[in-house]
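Structure assessment
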Amino acid sequence: SNEEAEAQTTKDQFDFDYGYKRLMTERWFVAGNAEYFADYLKGIDSRVTIGAGGGYQFWDNTFGALSVEAGISAVQEEIDGLDENNPAGRFALDYKRLLLANRLELFHKQAILVIPDPDRGQVLSTSTGLRYSLSNQIDTIARVDLNHETKPAPGNSKTDTTYTVGIGIKF
């Protein structure tokens, strides 16, 4: 995501994450995740997180889904040119509710990285919004993404909020 206002860069981020869940029983699952994040304006040159854990699927049916997971992660960061490697605890929540004959979806995804290094603190990422299907292949979305760090790089704010409205293609 790159944004510019009045000839000044106001946002320069890259965020890619992948999560995998495999049910072991009807409700319990093992999980793996990987993420690459960079926010050049906040001095985060890169944050690579790789983790594994387990979780519980409360429900997953035609009305929606709710699951939680917990695990451990390895976090490799380059912040303001300094490399750090830390372990972390990761806690995540994934919720969606389907309405209007499954055309409207309310969703909330959240992940918290608890890095025990006293200089780093916690990293919270959330995405909350609505998705409306116009057809089987086209939908609209309105969402709010929040990234919060309890100990950001010096001179940076703790919280970034992004509002997104768009049209998407499903495949």
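This text goes with the structure placed above it.
What counts, and where the lines are drawn
Residues numbered from 1 in each chain as written. Predicted model: local features only at pLDDT ≥ 70, side-chain atom pairs only at ≥ 80, totals over all residues. Heavy atoms only, no water. 1 Å grid on protein atoms, 1.4 Å probe; cavity = no way out; pocket = protein on both sides within 12 Å on 5 of 7 lines; lining within 4 Å. Points joined across faces, edges and corners; volume = space filled by probe spheres on them. Helix = DSSP H or I, 4+ residues; strand = E, 2+ residues; numbered from the N terminus. Nonpolar A, V, L, I, M, F, W, Y, C, P; charged D, E, K, R; others polar. Core = buried A, V, L, I, M, F, W, Y, C linked by side-chain atoms within 4.5 Å. Buried < 20%, exposed > 50% of the residue type's maximum accessible area, 1.4 Å probe, protein only. Contact = heavy atoms within 4.5 Å. Salt bridge = Lys/Arg side-chain N within 4 Å of Asp/Glu carboxyl O. Pairing = 2+ DSSP bridges.

1. Considerations on the layout of surface pockets
- One number sums up the size of the second largest pocket: a volume of about 160 Å³.
- As for the second largest pocket, its lining consists of Ile 79, Asp 80, Leu 82, Glu 84, Asp 119, Arg 120, Lys 151, Pro 152, Ala 153 and Pro 154.

2. Quick notes on empty space enclosed by the protein
- Using the criterion set out here, one finds one cavity of 30 Å³ or more in the structure.
- Here the largest cavity is characterised by a volume of approximately 50 Å³.
- Asn 33, Ala 52, Gly 53, Glu 69 and Arg 90 are the residues nearest the centre of the largest cavity, which is lined by 13 residues in total.
- Looking at the lining of the largest cavity, the elements that each hand over two or more residues are strand 3 (28-39), strand 4 (44-61) and strand 5 (64-79).
- Of all the elements, strand 5 adds the most residues to the lining of the largest cavity, at five residues.
- When the residues that make up the lining of the largest cavity are grouped by side-chain class, the tally is four nonpolar, seven polar and two charged.

3. A look at the nonpolar core
- Residues Val 75, Ala 88, Leu 113, Ile 115 and Val 123 constitute the largest nonpolar core, which totals five residues.
- When near neighbours in sequence (up to four residues on either side) are disregarded, Val 123 contacts Arg 47, Ala 111, Ile 112, Leu 113, Ile 115, His 148 and Glu 149.

4. Let's talk about the pattern of salt bridges
- Tallied over the entire structure, the rule returns ten salt bridges.
- Linking Arg 90 and Glu 69 is a salt bridge whose minimum nitrogen-to-oxygen distance equals 3.0 Å. Residue Arg 90 is found in strand 6 (residues 82-99), and its partner Glu 69 is found in strand 5; the two are separated by 21 residues along the sequence. Each member of the pair Arg 90 and Glu 69 is classed as buried.
- Between Glu 105 and Arg 131 there is a salt bridge; the shortest N-O distance is 3.2 Å.

5. A closer look at the pairing of strand 7 (residues 104-115)
- Across eleven bridges, the pairing between strand 6 and strand 7 is antiparallel. By the bridge assignment for strand 7, Leu 98 is matched with Glu 105.
- As consecutive antiparallel partners, strand 6 and strand 7 are separated by four residues, and within that stretch Leu 100 has a phi angle of approximately 50°, a positive value.
- Across twelve bridges, strand 7 lies against strand 8 (residues 121-133) in antiparallel orientation. Across the sheet, residue Leu 106 finds its bridge partner in strand 8, namely Leu 130.
- Linking strand 7 to strand 8, which pair antiparallel, is a turn of five residues.

6. Focus on the pairing of strand 3
- As judged from the eleven bridges shared by strand 2 (residues 8-23) and strand 3, these two strands associate in the antiparallel manner. Bridged to Tyr 18 within strand 3 is Ala 34.
- With eleven bridges joining them, strand 3 and strand 4 adopt antiparallel strand pairing. Paired with Phe 37 across the strands is Arg 47, a residue of strand 4.
- Between strand 3 and strand 4, which pair antiparallel in sequence order, lie four residues; one of them, Gly 43, sits at a positive phi of approximately 85°.

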